[in-house]
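# Per-entry structural report
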Number of protein chains: 2
Amino acid sequence: MTIKDVARLSGVSASTVSRVLNNHPDVSESVREKVLQIIDELHYVPNNSARDLVRSGEDTVGVVVRGAENPFFTGLIRSVEQEIEKAGYAMVLHQIKSGDDELAAGAELARSKRLCGLIFLGGSFDYTADRTAALGIPFICCSYSNSFGTLEKSSYSSVSINDEEEARRAVKYLTDRGHQKIAVLLDSVNDHSVSELRYRGYCRALEEAGIDPDPDLTEETHVYDLPAAYEGMKRLIGRGKDFTAVFATADSFGIAALKALNEAGKKVPEECSVIAIDGIEMSRYSIPTLTTLVQPVEEMGRKAVNILMDVIEGKDRTAHVYVKTDLREGGTVKAI
Amino acid sequence: MTIKDVARLSGVSASTVSRVLNNHPDVSESVREKVLQIIDELHYVPNNSARDLVRSGEDTVGVVVRGAENPFFTGLIRSVEQEIEKAGYAMVLHQIKSGDDELAAGAELARSKRLCGLIFLGGSFDYTADRTAALGIPFICCSYSNSFGTLEKSSYSSVSINDEEEARRAVKYLTDRGHQKIAVLLDSVNDHSVSELRYRGYCRALEEAGIDPDPDLTEETHVYDLPAAYEGMKRLIGRGKDFTAVFATADSFGIAALKALNEAGKKVPEECSVIAIDGIEMSRYSIPTLTTLVQPVEEMGRKAVNILMDVIEGKDRTAHVYVKTDLREGGTVKAI
DNA sequence: CCTGTTTCCGGGAACGTTCCCGGAAACGTT
DNA sequence: AACGTTTCCGGGAACGTTCCCGGAAACAGG
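Basis of the calculations
Residues numbered from 1 in each chain as written. Chains lettered and ligands numbered in written order. Predicted model: local features only at pLDDT ≥ 70, side-chain atom pairs only at ≥ 80, totals over all residues. Heavy atoms only, no water. Helix = DSSP H or I, 4+ residues; strand = E, 2+ residues; numbered from the N terminus. Buried < 20%, exposed > 50% of the residue type's maximum accessible area, 1.4 Å probe, protein only. Contact = heavy atoms within 4.5 Å. Areas by Shrake-Rupley, 256 points an atom, 1.4 Å probe, with all protein chains shown as cover. Lys, Arg positive; Asp, Glu negative; His and termini not counted. Charge placed at Lys NZ, Arg CZ, Asp CG, Glu CD. Pairing = 2+ DSSP bridges. Axes fitted to C-alpha atoms, helices over the stretch in contact; angles between N-to-C directions. Salt bridge = Lys/Arg side-chain N within 4 Å of Asp/Glu carboxyl O. Near = heavy atom within 4 Å. Polar contact = N/O pair within 3.5 Å; in protein donor to acceptor, adjacent residues only side chain to side chain. Nonpolar A, V, L, I, M, F, W, Y, C, P; charged D, E, K, R; others polar. Least-squares fit on C-alpha atoms with pLDDT ≥ 70 in both. Domains from an automatic or database assignment. Core = buried A, V, L, I, M, F, W, Y, C linked by side-chain atoms within 4.5 Å. Parallel < 35°, antiparallel > 145°, perpendicular 65-115°, else oblique. Left-handed = near helix turned anticlockwise from the far one by under 90°.

## Topic: the overall build of chain A
Along chain A, the regular secondary structure elements total 12 helices and 12 strands. The buried share among the 336 residues of chain A stands at 54%. When contacts within chain A are restricted to residue pairs at least 6 apart in sequence, long-range pairs at least 24 apart make up 69% of them. Within the structure as shown, chain A displays about 14,500 Å² of accessible surface, and the carbon and sulfur contribution to it stands at 48%. In chain A, the 39 positive side-chain charges and the 51 negative ones have mean positions that sit 2 Å from each other.

## Let's talk about the sheet that holds strand β2 (residues 90-96) of chain A
All names here are of chain A. The sheet built from 6 strands is open, its strands ordered β2-β1-β3-β4-β5-β11 with parallel pairing. Two strands bound the open sheet, and with one partner strand each, they are β2 and β11 (320-323). Each neighbouring strand pair of the sheet contributes to a mean axis angle of 15 degrees, computed without reference to strand direction. Sheet topology places strand β3 (residues 117-121) next to strand β4 (residues 139-142); 4 bridges connect them, and they run parallel. Bridged to Ile119 within β4 is Ile140. Seen against the sheet, helix α5 (residues 71-86) touches β1 (60-66), β2, β3 and β4 and runs at an angle of roughly 175 degrees to β1.

## So, the pattern of salt bridges
By the definition in use, this model includes 38 salt bridges over all chains. Ionic pairing is found between B:Glu208 and B:Arg168, a salt bridge with its closest N-O pair at 2.6 Å. With a gap of 40 residues between them, B:Glu208 in helix α9 (residues 194-208) and B:Arg168 in helix α8 (residues 163-175) connect regions that are remote in the sequence. The exposure class assigned to B:Arg168 is buried, which follows from its relative accessible area of 15%. Of the charged contacts in the structure, one is a salt bridge between B:Lys303 and B:Glu299, with a shortest N-O distance of 2.9 Å. With B:Lys303 and B:Glu299 both in helix α12 (residues 297-312) and 4 residues apart, this pair spans about one turn of that helix. A relative accessible area of 31% places B:Lys303 in the partly exposed class. For B:Glu299, a relative accessible area of 24% corresponds to the partly exposed category. Sharing partners across several salt bridges, the network here consists of A:Glu164, A:Glu165, A:Arg168, A:Arg204 and A:Glu208.

## Looking at the protein's contact with DNA strand D
Around DNA strand D there are 26 residues in total, and A:Thr16, A:Val31, B:Ile3, B:Ser18 and B:Tyr44 lie nearest to it. Take the atoms of DNA strand D that sit within 4 Å of the protein: sugar and phosphate atoms are 62% of them. A distance of 2.6 Å separates a phosphate oxygen of DNA strand D from a polar atom in the side chain of B:Ser18. Within the contact set of DNA strand D, a phosphate oxygen lies 3.3 Å away from a side-chain nitrogen or oxygen of B:Asn22. Those elements giving two or more residues to the surface near DNA strand D turn out to be α2 (14-21) and α4 (48-54) of chain A together with α1 (3-10), α2 (14-21) and α4 (48-55) of chain B. The element that contributes the greatest number of residues to the surface near DNA strand D is α4(B), accounting for 4 residues. A breakdown of the residues in the surface near DNA strand D according to their chemical character gives 11 nonpolar, 10 polar and 5 charged.

## Concerning the relation of the copies chain A and chain B
Relating one copy of the chain to the other takes a rotation about an axis and a shift parallel to that axis. Rotating chain A by 180 degrees about the axis while translating it 0.1 Å along that axis superimposes it on chain B, leaving an RMSD of 0.2 Å. Interpreted geometrically, this transformation is the action of a two-fold axis. Every residue of chain A has its C-alpha some distance from the rotation axis, and the shortest such distance is that of A:Ser49, at 2.2 Å. Most of the interface of chain A is mirrored in chain B, where 97% of its interface residues are also at the interface.

## Here's the deal with unusual backbone geometry
Following A:Ile287, the chain continues into A:Pro288 via a peptide bond in cis, with omega recorded as -5 degrees. Relative to the helices and strands, A:Pro288 resides in the loop between β9 (273-278) and β10 (291-294). Here B:Val268 and B:Pro269 are connected by a cis peptide whose omega angle stands at 5 degrees. Structurally, B:Pro269 is set in the loop between α11 (251-263) and β9 (273-278). Unusually for a residue other than glycine, A:Asp278 sits at a positive phi of about 145 degrees. Residue placement: A:Asp278 occurs in strand β9. Overall, the relative accessible area of 3% leaves A:Asp278 in the buried class.

## Quick word on the domain arrangement of chain A
Examined at the domain level, chain A breaks down into domain 1 (3-47), domain 2 (52-161 + 296-324) and domain 3 (164-295). Using only C-alpha atoms to locate each centre, domain 1 of chain A and domain 2 of chain A end up separated by 37 Å.

## Here's the deal with the side chain of B:Ser49
Within the secondary structure, B:Ser49 is located in helix α4. The contact partners of B:Ser49, leaving out residues within four places of it in the chain, are A:Ser49, A:Asp52, A:Leu53 and A:Ser112.

## Focus: the nonpolar core
Counting residues in each nonpolar core, the largest one holds 150 residues, and the members touching the most others are A:Ile119, A:Phe247, B:Ile119 and B:Phe247. For A:Phe247, the contacting residues outside a window of four places in its chain are A:Ala167, A:Ala170, A:Val171, A:Ile182, A:Ala183, A:Val184, A:Leu185, A:Arg198, A:Tyr202, A:Ile275 and A:Ile277.

## Let's talk about the protein's contact with DNA strand C
Taken together, 26 residues lie near DNA strand C, and A:Ile3, A:Ser18, A:Tyr44, B:Thr16 and B:Val31 sit nearest. Take A:Ser18: an N or O atom from its side chain is 2.7 Å from a phosphate oxygen of DNA strand C. For DNA strand C, a phosphate oxygen lies 2.8 Å from a polar atom in the side chain of A:Arg51. With 4 residues, the top contributor of residues to the surface near DNA strand C is α4(A). In the surface near DNA strand C, the residues fall into 11 nonpolar, 10 polar and 5 charged.

## What about the sheet that holds strand β8 (residues 245-248) of chain B?
Residues and elements named next belong to chain B. Sheet architecture is open: 6 strands sit in the order β7-β6-β8-β9-β10-β12, paired in mixed fashion. Looking at strand neighbours, the two that pair on one side only are β7 (218-220) and β12 (326-328), the edges of this open sheet. This sheet shows a mean twist of 15 degrees between the axes of neighbouring strands, independent of strand direction. The pairing of strand β6 (residues 182-186) with β7 spans 3 bridges and is classified as parallel. Paired with Leu186 across the bridge in β7 is Glu220. Of the strands in this sheet, β6, β8, β9, β10 (291-294) and β12 are in contact with α8, which crosses β9 at around 165 degrees. Together, β6, β7, β8 and β9 form the strand contacts of α9, whose direction differs from that of β6 by roughly 170 degrees.

## Topic: the packing of α5(A) against helix α12 (residues 297-312) of chain A
All names here are of chain A. Between α5 and α12, the shortest axis-to-axis distance is 8 Å and the interhelical angle comes to 45 degrees. With respect to each other, α5 and α12 are oriented oblique. Along this stretch, α5 crosses α12, giving a crossing that reads as right-handed. Contacts between α5 and α12 pair Phe72, Gly75, Leu76, Ser79, Val80, Glu83 and Ile84 from the former with Val297, Glu298, Met300, Gly301, Arg302 and Val305 from the latter. Classifying every residue of the contact of α5 with α12 gives 7 nonpolar, 3 polar and 3 charged.

## Examining the environment of B:Gly67
Residue and element names in this part refer to chain B. Inspection of the secondary structure puts Gly67 in the loop between β1 (60-66) and α5 (71-86). With 64 residues separating them along the chain, Gly67 and Arg131 place their C-alpha atoms 22 Å apart. With residues up to four places along the chain from it excluded, the contact list for Gly67 reads Phe73 and Ile96.

Structure, rendered in C-alpha cells:
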C-alpha cells in the first residue's frame, strides 16, 4: 500500500497524490476529491520514513531528557512540546537512563533524524567544547547544572533556575524562622547534578546564618526515586540526631520525607518543618501541603524554545537565562 | 554526512560500510577496523529514516497509550517496554489525548512505521470489527474496557484486571467492615472507561450488601486529573450528606480525596475510610498510606507482550486474560 | 596447472516519498 | 488568430540505506 497504489486506483500520477497529501494548490478540486476518496477507502497512510528521508527533517527539534521518572519533567516537557509546536516545528522526544551519555544520545538523534536543534532537559552538562561540537546543530540546556564550567558560556544557551541561589533562599526561609538544626536530603553531593548545586545553596544559607553544617544531618540517596528518599529520611531519623527542619532538594524527596516523619511520629510542621524545590503537581496534595519553591515550567519551556529558534534562524544570540521560582507556602513550615 | 562519505574516506564501497554497520561477517578484519575508525572520526550515525524505509520495519511494535497523565501507565509502559526489548523487538510509543480516536492513531502508526504489532494501553475499546480490520496487524488491549462488547472476542486479545469484579471486591471490603454509606469518586458513569466498569462493581457490591445506592454519594469528575478529583471530593463533602467511606476508582482520586477530607477536618480513617484501585507508586507515600488494590503491572506487561508475540509469530492464540489485583492494606480503612 | 571452494568486496536495484521541471491544456488579451 | 498566462498534471531524480548478485582474488586439493 503505497502512494503508487493510490495513484493507480485514482487514475493520476504519484506526484498528484503527493500534492493532495501535502495540500499543494496545484491540483483541481475534482481530482483532489477523487484521490481523497481512494485514500479513505484504502486506509492509506503515507510512510513517515520515506517522508523524513526526502525532506531531510529540517523542521524538527529533538528533546533529550534524563530521568523521566522525575515528575518535574513531565510538566516541563509538556510546556516545551507546546512551544515547539507553536513555532511550527515538530518534536521528537528521547528519554535516557540515568547512566547514559546525554551528549552521545543527542548526537545520535541529531544525525539519525536530521534535527535542526536540540534541547537537553535535566541532568548535568559538563562537556568540553569539542564534544559538543560533534552535535553540529544549535542546542540549549534547560534545568541543567554545569557545576564545572568546563564549557565556555558563549557556545551554547541555557535556561534554568539558579539552583544554588534558590536553595539558599529556601533554607534562608527556614533560618529566618529560627531554625538552626536543618537536615538536608539530596541525591548526591558530587553527582554534578542540580541536587549538588542545591546542596551548595544549603551550605551557603547555613553559613550566612552562622550555622556550622553538621554532616550527620546530611543524607544522600544516590538514586533518584521515592523509595530511596524515604529510606534516606528514615536513616536520618534513626540516627537520633536532633533537627527541627529538613530541606529536600526536590519535591519528591519532600513527599517521601513527610511520610517518613509521619511514621516516626514526628508531626509536621509542629515538630519538624519541611521545605523543598520544584513544585510538582503532586506536592499540592500532600498532607500537609508541601511548602516549596515552584519552578516556572511554562516560562522555562517558552524561553528555551524561543532562544533555540532564534539561534536556528540565524540571529545568533546565545543566552543564559535564570528564571525565578515562586514560593508556594504550604503547611510544612513553622517558625520556632 | 552519509554512508558514502564514510565509504569514500575509508576507500571502500558503501556496501562494505553497510556490512560493517550491521556487523555482517563478509568483511575482513582490517577493513572493518579502518571503517570503524573513520566512522568514529566523522561522528557518523546512520540515518534511521533510510534504514527503516528499506527494511520495512517488521520488527517493531507500536504502543498507543491514552492518558499519559495517569501515573498508573508509567509503570505499565515500563514493563511493556522491557518485555518487548526482551523479545528482540523495538518499541515505538505514541501518546494520544483523551479525546482522540485511538484506533485511528494506531492505524496511522501501523502504516507509517510499518509495525508488526500494536498494543493499546488504557481507554475504552469499543470498535466494530471492520474498523479494527483496518489495522491489518495483530493487536492487543491492555488495561482497557470493552463495556459494549461490540467486538467479537475472537478477533483480538486483551489483558487486564476484571475492573468490575475488583471494584466489587474493594467495596465489599468496606461493607464487610460495617460501612453502609459509601461515597464514590469516578471519572464519569458513561464514558465507557474502566472508571465506569469500576462504578458498576461498586453498585453490585452495594446491592449484595443490601444497600441502596445514593446518587448524592456519587461524584463524577469528567476529567482525569488531580485538581478535578480534589474539587469533586470537595463538592461531595460540601453536599452535607453523611458518609463513612469513599471508594475512589483510581489511586490518584484517592490521594486527592485524602487531601480534601483532611482539609474538611474529617480524619482518615477514623471518621472516613478510603479505598482505591491501581497501586501507583505515590500511593505508598500518602498520609495515611492508601489502602488499594494494586494492579500487577509487570505481569500485565509480560502477558500482553507474550500473547502478542505468539500471534505475530503465527501461533494464533487470541486470549483474554484477567489478572488479579493484590490488596495492599494501608491505613485508610477502619471497621465501624 | 587446472578446477572448485571460500572469502571478500562492489554494483545497482529497491524502499516510498517529495519536489523541481517541463509540458499540455484552458483561458484571456490584443 | 496569434500570443502570453495561468492552471493543472506527469516524469524522473533524489534522499540514505539494505541486500542480492555477480565477480575477483586467495586458497585448497588433485
